Amino acid sequence: MMKIAASLAIAVICATLFVATDAANDGYSDLCSTLRTKGFTRLFTCATQTDVCTHTRYECDSVIDCPDFSDEDHCVVQHAASCMTDFDGKTASNNQPLEMFRCDDGMCILGCYQCDNTQDCVDGSDERGCTENHIRPPCY
């Protein structure tokens, strides 16, 4: 029981994105359900892995949080709006405007996430056609 209390405290204090299964916690096999019984109601449960969840504020935020992409795969309208507003007036450490990359499905990510060997677009378009000579712009 002590481990579950510590896990809940860490999830709240650190604003952890994921709360995943921990079968070793005194028989608790689904921490997402446990959080709900403790009053945490604003949780988005990933579609194919019901033991993985994230806070609802991370749904449709153009950052993939669920391993199955289900927190972003239904967000066409939100992604289009985010593309127009998320990068306006923001600059990188070199005082140049932050570069964005528009995924084939309409989602926008930081330009530095393109060709970084990590799929950031739901459709994977940020990792297609990459070469080892690809120059990534600064993120920060």
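Computed from a predicted structure; not experimentally measured.

Peer 1: Provide a residue-level description of the state of the cysteines, including the pertinent values.
Peer 2: Counting across every chain of the model gives six disulfides. There is a disulfide in this structure between cysteine 83 and cysteine 108, and the S-S distance comes to 1.9 Å. Residues cysteine 83 and cysteine 108 are joined by a disulfide whose S-S torsion is about 110°; by sign, that bridge is right-handed. In this pair, cysteine 83 is assigned in helix H3 (residues 76–85) and cysteine 108 in strand S4 (residues 108–110), connecting sequence segments 25 residues apart. Comparing cysteine 83 with cysteine 108 shows no difference in burial state: the two are buried.

Peer 1: Quick one: what's the story with the side chain of aspartate 68, residue by residue and with numbers?
Peer 2: Here aspartate 68 shows up in the loop between strand S2 (53–55) and H3. At 2.7 Å, the side chain of aspartate 68 and the side chain of serine 70 are in polar contact. Those residues in contact with aspartate 68, other than ones at most four positions away along the chain, are Cys46, Ala47, Thr48 and Gln49.

Peer 1: So what about the environment of glutamine 78? Which residues, and what values?
Peer 2: Its place among the elements puts glutamine 78 in helix H3. Take glutamine 78: its relative accessible area is 37%, and that puts it in the partly exposed class. Once the C-alpha coordinates of glutamine 78 and serine 62 are considered, the two residues, 16 residues apart in sequence, prove to be 8.5 Å apart.

Peer 1: Describe unusual backbone geometry, listing the residues and the values that go with them.
Peer 2: Here the phi dihedral of serine 62 falls at roughly 65°; this positive angle occurs in a residue that is not glycine. With respect to the element layout, serine 62 can be found in the loop between S2 and H3.

Peer 1: Just give me the short version of the nonpolar core, but keep the residues and values in it.
Peer 2: Core analysis: the largest hydrophobic core is formed by eight residues, namely Cys83, Phe87, Ala92, Leu98, Cys108, Leu110, Cys112 and Cys139. If near-sequence neighbours (up to four positions away) are discounted, leucine 98 is found in contact with Phe87, Lys90, Thr91, Ala92, Leu110, Pro138 and Cys139. In terms of nonpolar packing, the next biggest core, distinct from the first, is built from seven residues, Phe101, Met107, Cys121 and Val122 among them.

The rules behind each value
Residues numbered from 1 in each chain as written. Predicted model: local features only at pLDDT ≥ 70, side-chain atom pairs only at ≥ 80, totals over all residues. Heavy atoms only, no water. Disulfide = S-S within 2.5 Å. Helix = DSSP H or I, 4+ residues; strand = E, 2+ residues; numbered from the N terminus. Buried < 20%, exposed > 50% of the residue type's maximum accessible area, 1.4 Å probe, protein only. Polar contact = N/O pair within 3.5 Å; in protein donor to acceptor, adjacent residues only side chain to side chain. Contact = heavy atoms within 4.5 Å. Core = buried A, V, L, I, M, F, W, Y, C linked by side-chain atoms within 4.5 Å.

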